Amino acid sequence: MDYKATLEKAADFFSVHSGSGHFWYQRVTAVALVPLSIWLIVLLNKALNAPYADTVDWLSSPFNTLAIIAWTVAVVYHAALGVQVVIEDYVSTIPVRNLAIRATNLIFLVLGVAALLAIIIIFFAR
């Protein structure tokens, strides 16, 4: 058995660099979500109070579409990172932990792609 390769895998698994990068990605997405949430609030206000055509016209503007796309990407990534931290903190069995992290990342990927497709369809449906 190659003990050196096993030790390198263990060192990779418990690497400090990935943890600090994870920390900073969470903080950057959190800061990015603060101004981007303004567009979400405006969109929700339009969706609740304006006619459907006005909401679609507002969302069909390239600037508004890009802002909502940026918000969607940031919120999905931020949520995936947050759920991963919770799983890492509370699931002690490593194989179950890895499976749970991969499953939640796949779920967030599917949700993000579905949301982006919906936004793009609305953008081109003018």
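Per an unreviewed UniProt entry, the protein chain is named Succinate dehydrogenase hydrophobic membrane anchor subunit, and its organism is Methylomonas defluvii. Quoted verbatim from the Cofactor (unreviewed entry) heading of the UniProt record, the comment on the protein chain is "heme". Entered under Function (unreviewed entry) in the UniProt record, the comment concerning the protein chain runs "Membrane-anchoring subunit of succinate dehydrogenase (SDH)."

Novice: Any chance you could explain the UniProt feature "transmembrane region" (unreviewed entry) in the protein chain here in plain terms?
Specialist: Here the UniProt feature "transmembrane region" (unreviewed entry) sits at residues 24-44, 65-87 and 99-125. As a span, residues 65-87 carries 100% helix and 0% strand, and end to end its C-alpha atoms are 33 Å apart.

Novice: When you look at the packing of helix α4 (residues 62-90) against helix α5 (residues 94-124) in this model, what are you seeing that I'm missing?
Specialist: When two helices pack together, their arrangement is given by the angle between their axes and by how far apart the axes lie. Close contact between α4 and α5 brings their axes to 10 Å; oriented N to C, the two are set at 170°. The angle between α4 and α5 falls in the class roughly antiparallel. A breakdown of the residues in the contact of α4 with α5 according to their chemical character gives 16 nonpolar, six polar and two charged.

Novice: Any chance you could explain α5 here in plain terms?
Specialist: Since the α-helix turns once every 3.6 residues, residues separated by three or four places project in the same direction. Across its 31 residues, α5 extends 45 Å between first and last C-alpha, which sits within 8% of the 45 Å expected from 1.5 Å per residue. What α5 keeps buried is the set Arg97, Ile101, Thr104, Phe108, Gly112, Ile119 and Phe123. For α5, the secondary structure elements touched by its buried residues are α3 (52-60) and α4.

Novice: Sorry, what's going on with the packing of aromatic side chains here?
Specialist: For any pair of aromatic rings, the description rests on two quantities: the centre-to-centre distance and the angle between the ring planes. The full count for this structure, using the stated rule, is four aromatic pairs. Look at Trp39 and Phe63: their rings are 5.4 Å apart centre to centre, the planes differ by 70°, and that puts the pair in the edge-to-face class. You can see Trp39 sitting in helix α2 (residues 16-49) and its partner Phe63 sitting in helix α4, a full 24 residues away along the chain. Residue classification places Trp39 among the partly exposed residues on the basis of a relative accessible area of 23%. Given the relative accessible area of 55%, Phe63 is considered exposed. Taking 5.0 Å as the distance between ring centres and 75° as the angle between the ring planes, the aromatic pair formed by Phe123 and Phe124 counts as edge-to-face. The exposure class of Phe124 is exposed, given its relative accessible area of 66%.

Rules and cut-offs
- Residues numbered from 1 in each chain as written.
- Predicted model: local features only at pLDDT ≥ 70, side-chain atom pairs only at ≥ 80, totals over all residues.
- Heavy atoms only, no water.
- UniProt positions renumbered as here; feature names shortened; annotations may be inferred.
- Helix = DSSP H or I, 4+ residues; strand = E, 2+ residues; numbered from the N terminus.
- Axes fitted to C-alpha atoms, helices over the stretch in contact; angles between N-to-C directions.
- Parallel < 35°, antiparallel > 145°, perpendicular 65-115°, else oblique.
- Nonpolar A, V, L, I, M, F, W, Y, C, P; charged D, E, K, R; others polar.
- Expected span 1.5 Å × (residues − 1).
- Buried < 20%, exposed > 50% of the residue type's maximum accessible area, 1.4 Å probe, protein only.
- Contact = heavy atoms within 4.5 Å.
- Phe/Tyr/Trp six-rings, centres within 6.5 Å; stacked < 30°, edge-to-face > 60°.

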